[in-house]
Amino acid sequence: LSSALEDALPEPEAALAQGILLGRRASLPDDLREDLNDTNTSHLIAVSGYNVTLVAGLFIAALAWLIGRRPAAWLALLAIIAYAILVGGQPSVQRAAIMGGMYVVATALGRQSGALQGLALAGAGMTAFDPLLMKDISFQLSFASTVGLIVFSPALRERMDSALTRWRSDQEVATPLRGVVELLAVTVAAVAFTLPIIAVNFHRISLIAIPANLLTVPAFPAIMVTSALTALGGMIASPISTFLGWITWAPVAYMVEVVGLLAGLPFAAASVDGFT
């Protein structure tokens with residue numbers, strides 16, 4: 001899969017597509033890696049809940065009309081397990097796979113699912129198996145961002161929705177902005193809950209994390225889906241991946257340009273020495 005992306009895309013687009021789809025960071029150029037860190041968008045190349053959500057959602061959406069929602073959920077569970085094995089067993093992947101698996105099982109059984117309960121069970125199971133995970137930075141960042149999304153994001157979204165409604169009562173104008181409000185609430189929540197961990201461990205924080213994520217995250221689903229199609233096509237025949245590579249290149253090149261432009265700003269990031 002990785003080789004197919006290398007053959008179909010130029011650099012650094014191929015490296016970024018590998019990172020987003022497969023979680024591979026080794027081939028990322030140093031300058032692109034720095035740009036991702038300075039804009040706080042490096043989480044996009046760490047396989048986590050967003051990837052698993054897309055995998056499960058696409059399987060259920062594609063198969064529900066054909067075999068029914070519950071059977072499709074069981075197949076989505078198998079897809080989550082296969083994807084987690086494919087990209088490796090990093091803590092963020094484990095957490096996302098456990099929570100995603102619990103969600104699709106609840107869907108298949110017709111039961112309600114709770115995010116906090118899923119997160120608690122995922123954390124308990126992972127640390128019971130390996131207590132030293134508590135010291136792993138990726139484990140801490142994965143759980144902190146998820147707590148922010150579960151606890152802080154809904155309240156923040158509700159506040160912004162209320163402000164938007166008061167600002168413009170015309171629903172035809174307000175409705176298109178609700179997608180922006182949703183993305184902003186999710187971004188602010190994730191950044192707020194991970195910022196202390198980043199400051200303590202890396203002694204550098206991004207000052208443009210929120211606008212950078214607002215501009216790049218919408219391209220993530222397109223990159224992941226088209227990268228998967230290109231990689232799978234390359235395993236069948238090289239001309240297929242070459243054709244699909246043009247489709248993949250556009251959103252990947254967009255993300256490369258955006259993070260490069262924003263990281264080049266003089267106030268993009270700041271050192272925060274002194275945190276322990």
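What counts, and at which threshold
Residues numbered from 1 in each chain as written. Predicted model: local features only at pLDDT ≥ 70, side-chain atom pairs only at ≥ 80, totals over all residues. Heavy atoms only, no water. Salt bridge = Lys/Arg side-chain N within 4 Å of Asp/Glu carboxyl O. Helix = DSSP H or I, 4+ residues; strand = E, 2+ residues; numbered from the N terminus. Buried < 20%, exposed > 50% of the residue type's maximum accessible area, 1.4 Å probe, protein only. Core = buried A, V, L, I, M, F, W, Y, C linked by side-chain atoms within 4.5 Å. Expected span 1.5 Å × (residues − 1). Arc of directions from axis to C-beta. Lys, Arg positive; Asp, Glu negative; His and termini not counted.

A few words on the pattern of salt bridges. For the structure shown, the criterion picks out 2 salt bridges. Asp38 serves as the salt-bridge partner of Arg204, at 3.2 Å between the closest nitrogen and oxygen. Of this pair, Arg204 sits in strand β1 (residues 204-206) while Asp38 sits in helix α3 (residues 30-38), and the two are 166 residues apart along the sequence. The exposure class of Arg204 is partly exposed, given its relative accessible area of 36%. Using a relative accessible area of 12% as the deciding quantity, one classes Asp38 as buried. Between Arg157 and Glu182 there is a salt bridge whose closest N-O contact spans 3.3 Å. Here the residue Arg157 occupies a position in helix α8 (residues 137-167), and Glu182 occupies one in helix α9 (residues 171-202), the gap between them amounting to 25 residues.

A few words on the nonpolar core. Counting 44 residues, the largest nonpolar core has Leu16, Ile20, Leu36, Val104, Met224 and Met255 as its most contacted members. Those elements giving two or more residues to this core turn out to be α2 (13-22), α3, α4 (49-67), α5 (69-87), α6 (91-109), α11 (220-236) and α12 (238-263). With 8 residues, the single largest contributor to this core is α5. Met126, Leu133, Phe139 and Phe143 belong to the second-largest nonpolar core, a separate cluster that totals 7 residues.

Look at helix α7 (residues 115-129): 21 Å from first C-alpha to last across 15 residues, which is about the 21 Å you get at 1.5 Å a residue. All of the buried residues in α7 are Gly118, Leu119, Ala122, Gly123, Met126 and Thr127. Along the axis of α7, the buried positions cluster into a sector of 145°, meaning they face one direction only. The exposed set on the far side of α7, more than 90 degrees from its buried face, consists of Gln117, Ala120, Leu121 and Ala128.

Turning our attention to the side chain of Asp35. Tracing the chain through its elements places Asp35 in helix α3. Buried and unpaired, Asp35 has Arg204 as its nearest opposite-charge partner, separated by 9.2 Å.

Glancing now at the environment of Ala192. Locating Ala192 in the fold gives a position in helix α9. Between the C-alpha atom of Ala192 and that of Ile210, which follows or precedes it by 18 residues, the distance is 9.9 Å.

So, about unusual backbone geometry. The peptide bond linking Glu11 to Pro12 adopts the cis configuration, its omega dihedral lying at 5°. Along the chain, Pro12 falls in the loop between α1 (2-8) and α2. Positive phi outside glycine occurs at Asn40, with the angle close to 55°. Looking at where Asn40 falls in the secondary structure, it is placed in the loop between α3 and α4. In this model, His203 sits at a positive phi of 55°, which is unusual for a non-glycine residue. Secondary-structure assignment places His203 in the loop between α9 and β1.

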